[in-house]
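Residues per chain, in single letters:
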Amino acid sequence: MIKDIAAGNENLLALHREKKVLEFHRFKSDLFDNLLGTLFEKVLKSESGKNSSKKKMTLLSLGGYGRQELALHSDIDLLFLYEGMTTNELKKNTEPILYPLWDAGLEVGFATRTLTDCRKIIEEDITALTALIDGRFLAGDRSLYDKLSEIFWKRLKSLAAKKEFWKRKGFETQERLAKYGASLYLLEPNLKEGEGGLRDYHNILWVGRVFEKIKGPDELKSKGWIPEEEEKALKKALHFLWNTRNELHRLSGRKNDQLLLDFQEPIAHWWGFSDKEGILPVEQFMQRYYQEAAIVHEWSARLTRRWAEEPTRLLRLFPFEHSRGLEEQFKVVHGQLSLADSDLFAKDPMAMLRLFEVAQREDLTIDDYTKDKVRGSALRINDDLRREPEAGNIFKRILKEPKRLGATLLLMNELKVLGQFLPEFEKLRFRVQHDVYHVYTVDIHSIFAVDEFSKLYTQDESQFPVAVEALKDIQHQDLLAFAILYHDIGKGEGAGHVEKGVPLIRGAARRLGFSAEEIDLLEFLEKSHLIMPHLAFRRDLEDQNMIIQFAKSFPNLEALSMLYLLTFCDVKAVGPKTMTPWKASLLDTVYLKTREVLVKGAFDKEKVSLLADRAKEEVRKLLTTEEAKEAELFFKTIPTRYLLATKPSEIVRHLALWRQFKKEERPVIDHRHRGGASELTIFCWNTPQLFSKICGVTASNTLNIVEAQSIVTSLGEALCLFMVSDIEGGPIVDEHKWGRVLKDLREVIEGSQSIEKMVQERLRPSLLKPKTARIVPTRIEIDNDISAYYTVIDIYAHDRIGLLYQIISTLSHLGLSIDISKISTKVDQVSDSFYVKDLLGQKVTSLERLAKIKEELTKVMGGVQ
């Protein structure tokens, strides 16, 4: 038997290599049908297996085996249906069938049931009920199988029972998607259980069988439920999913339906995708996957809903309908928006745009009949219609209304109207960015970003108060919504999307009827949409000159608020957990500081001495007379930049820690929650490599550094400020963990604990391989122009355990003092910035030394510069 299975597997692999998936399914099903038939026959010939009028047994295949849809490493699911046997007799009959399969290394799931058991299960268990729909007779007493079928279909005979089945399948689907991902556009989709996966297709079979007695996929067309061309597209999609699933099983060497990043690239090459117009093979493959999954999901939703509603079609002979004050082209039927004239779109294609405007304005869903009409008519939207002023006005009115804006654009995209009306946007449809950071396809990300914008109008102000307040500056909601929708439009043309996006957004805006002034503003937003996150997450926000230069780039206050809101929505729409409270606070800081410059017109940098004196005076107001006297020594020894960059209330807090440090003559360490993260403050004597030691402790305790500063007084005292977060980007609330961190810090700073030993022991590589898309080449950039006081080192690299500690240790060994660091990690990619000086407190200007810094950092990074 093992030889038969091995030979069969060779044939299966040959069929798989040729992508003959239907032949693969038939061959594998026949292979196990024959093997199980032979094993069952042996049992029957034995004394224990002889059936009598009272002792009967039947073997059924269930699940994928029952559907004759087994993948390369699918489980073999069996049901032993019996009657009149004791437990011992049943065991003697089933073990000779099961053990040879297990000995051959097969994953076999089985159940033993009587008809009474099955009757009870059919009443209670929706999953088991569904499994029995796929049940297929293999061997044994046929009458038992016939009785089971009779019980099953009698249970589902009434309309109420069918409706209950559909309702329970709906709940089951919700639970499934909650577990495996309730979006078709996930980065690592589940080929079987995810939205658009094979389980959606199985729902077509199950619901179709229950409601319409559809016995197989071929009857979808023959019974008129799906047009011939659409059926071909559905079959093509299924073949793609089946073949991809088989290749995923082959690469995994086991049953595995999660299309992880590690497998996507080799499967893309297996399919034969190659570089094309700057689009990676893996991105083309995933684009194809989303296209095919969308077809499966669309038909699953349409057919199952239609079948469940079809039994109530008699009600539709006398439908409850009314105009509800709508345009005469539309009517409301049973609470859904429908067409008053079935030929409307053929006569007036612009009515498709009006349909979405009315549905959004009146808060109505569009019925399936009308959706089908839209799908079939979308190609009627041509260049002539796109240039019609009224078409542009309708679309701008949709963009101007926050209510259901995201849902409206998603439906327009699903029904292919959005891409047909905006041909530039069609190139983004299903477009993939193959990295761990971007969760959604470009088109869905862009629509989700618009949805985030619309949500701000009904957002609880306490969650994102600055963003909600910024809405008050927006006079042109439609303009900003369009800027957000088109902010990544250049990605349809390959690399360099900002430059490539400018002519596209200008052309589309001109066609939609925006004014010349508005088009110039759209171009400005397109060119600038990567600048604000760069400044917020990678630059020193206390650099007054940088903020002033940034403010000078804006034509007016509305443009600033527009760019801020575009950036906010862009970051928030990347993924569910991308916009952390800390990131939001950084964006708010850039926006508010720049806004202050614009409102006051303060484009000239004030003298440093005047600003420092003003800061000292503000601090003195918050101190007692005695404290103020003591603070004079602190003011004389602390760097001026600290006074300019720190709020008076924060300086007062640091003064208290400084006094405690001077009194106790040992490191003072404090922590608190601030700005959506946790702040770690340390006052101690400055010692060699202090900064790298603190980074080593935080890394050893799995704290994520998001920003850090080191301020050293002229007396050699060090004030170290670290903003840290947990792995989710939020504050660290575990006090037990804080106790360990504080203990480690004190021991390392005081020298009783070796940081090298701590790092070596705790930062061991995980046994689990980290999730990666592709390795990011190391890039090191050194800039002496962006800051008046510092040399700024930007590092872009692939992340790994302990990387930040290694970078900072290297910079310290190179004799560089790190005063400010901005740490940004996007899942598997780091973008870190370090503001450094040499040992004399000056910028690093020697070309030879700059080259040495690059060389040493590149060695540590293990990448090629």
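Scroll up to find the structure.
Residues numbered from 1 in each chain as written. Predicted model: local features only at pLDDT ≥ 70, side-chain atom pairs only at ≥ 80, totals over all residues. Heavy atoms only, no water.

The secondary structure content of the chain amounts to 39 helices and 16 strands. For the C-alpha atoms alone, the extent of the chain along its principal axes is close to 105 × 70 × 50 Å. Burial status across the chain gives 54% buried among its 865 residues. Summarising the internal contacts of the chain: among those between residues at least 6 apart in sequence, 70% fall at separations of at least 24. Between the mean site of the 127 positive side-chain charges and the mean site of the 130 negative ones, the chain shows a separation of 3 Å. (Helix = DSSP H or I, 4+ residues; strand = E, 2+ residues; numbered from the N terminus. Buried < 20%, exposed > 50% of the residue type's maximum accessible area, 1.4 Å probe, protein only. Contact = heavy atoms within 4.5 Å. Lys, Arg positive; Asp, Glu negative; His and termini not counted. Charge placed at Lys NZ, Arg CZ, Asp CG, Glu CD.)

Read across the open sheet, the four strands follow the order 3-2-1-4; overall the sheet is mixed. Both outer strands of the open sheet, strand 3 (108-113) and strand 4 (136-140), are each paired with one neighbouring strand and no more. On average, each strand axis in the sheet is tilted by 25° relative to the strand beside it, whichever way the strands run. Sheet topology places strand 2 (residues 76-83) next to strand 3; six bridges connect them, and they run parallel. Pairing of Leu-79 across the sheet is with Ala-111, part of strand 3. (Pairing = 2+ DSSP bridges. Axes fitted to C-alpha atoms, helices over the stretch in contact; angles between N-to-C directions.)

Right, let's get into a nonpolar patch on the surface. Taken together, the side chains of Tyr-99, Trp-102 and Phe-110 define a hydrophobic patch exposed on the protein surface, amounting to about 300 Å² of accessible area. What makes Tyr-99 partly exposed here is its relative accessible area of 41%. (Patch = residues over 30% accessible without salt bridge, like charges linked within 9 Å, V, L, I, M, F, W, Y side chains within 5 Å. Areas by Shrake-Rupley, 256 points an atom, 1.4 Å probe, with all protein chains shown as cover. Salt bridge = Lys/Arg side-chain N within 4 Å of Asp/Glu carboxyl O.)

Once that is clear, we can look at the packing of aromatic side chains. Evaluated as defined, the whole model comprises 32 aromatic pairs. Connected via pairs of aromatic rings, a cluster forms that spans Phe-240, Trp-270, Trp-271, Phe-273 and Phe-285. Here Lys-19 stacks its cationic end above the ring of Trp-270, 4.1 Å away from the centre of that ring. Directly above the aromatic system of Trp-271 lies the positively charged group of Arg-288, at a separation of 5.7 Å from the ring centroid. (Phe/Tyr/Trp six-rings, centres within 6.5 Å; stacked < 30°, edge-to-face > 60°. Lys NZ or Arg CZ within 6 Å of the ring centre and 35° of its normal.)

Bringing helix 30 (residues 581-600) into the picture now. Within an α-helix, residues lying three or four positions from one another point in the same direction, as the helix has 3.6 residues per turn. Across its 20 residues, helix 30 extends 28 Å between first and last C-alpha, which sits within 8% of the 28 Å expected from 1.5 Å per residue. All of the buried residues along helix 30 are Trp-582, Lys-583, Ala-584, Leu-586, Leu-587, Asp-588, Val-590, Tyr-591, Thr-594, Val-597 and Leu-598. At the exit of helix 30 stands Gly-601, carrying a positive phi of roughly 70°. (Expected span 1.5 Å × (residues − 1).)

Before going further, it helps to spend a moment on the nonpolar core. Phe-395, Leu-409, Phe-482 and Tyr-564 are the most contacted members of the largest nonpolar core, which totals 101 residues. Other than its neighbours up to four places away in sequence, Tyr-564 contacts Val-466, Ala-467, Ala-470, Met-532, Leu-587, Asp-588 and Tyr-591. (Core = buried A, V, L, I, M, F, W, Y, C linked by side-chain atoms within 4.5 Å.)

A positive phi angle, close to 55°, is found at Lys-213, a residue other than glycine. Along the chain, Lys-213 falls in the loop between helix 9 (198-212) and helix 10 (218-222). The backbone phi angle of His-334 is positive, close to 50°, even though this residue is not glycine. Tracing the chain through its elements places His-334 in the loop between strand 6 (330-333) and strand 7 (336-339).

Look at helix 27 (residues 531-538) against helix 29 (residues 557-572): their axes get within 9 Å of each other, and the N-to-C directions meet at 75°. With respect to helix 29, the axis of helix 27 lies roughly perpendicular. Along its contact with helix 27, which presents Met-532, Pro-533 and Phe-537, the element helix 29 presents Leu-560, Leu-563, Tyr-564, Thr-567 and Val-571. Along the lines of polarity and charge, the residues of the contact of helix 27 with helix 29 split into seven nonpolar, one polar and no charged. (Parallel < 35°, antiparallel > 145°, perpendicular 65-115°, else oblique. Nonpolar A, V, L, I, M, F, W, Y, C, P; charged D, E, K, R; others polar.)

Strand 2 sits mainly inside the fold: six of its eight residues count as buried. Across six bridges, the pairing between strand 1 (residues 56-61) and strand 2 is antiparallel. Among the inter-strand pairings, Ser-61 is bridged to a residue of strand 2, identified as Leu-78. In this fold, strand 2 hands off to helix 4 (residues 87-103), which returns the chain to strand 3; that crossover is right-handed. (Right-handed = clockwise from strand over helix to strand, strands pointing away.)

Evaluation of the coordinates by the stated rule reveals 70 salt bridges. Residue Lys-621 is joined to Glu-618 by a salt bridge in which the shortest nitrogen-to-oxygen separation is 3.4 Å. Put simply, Lys-859 and Glu-855 hold a salt bridge, and the shortest N to O gap is 3.6 Å. With Lys-859 and Glu-855 both in helix 39 (residues 847-861) and four residues apart, the pair spans about one turn of that helix. Take Lys-859: its relative accessible area is 54%, and that puts it in the exposed class. Classification of Glu-855 as partly exposed rests on a relative accessible area of 40%. Within this structure, Glu-298, Arg-302, Arg-306, Asp-372, Arg-375 and Glu-414 form a network of salt bridges that share partners.

Interpretation in functional terms is not warranted from these geometric data alone.
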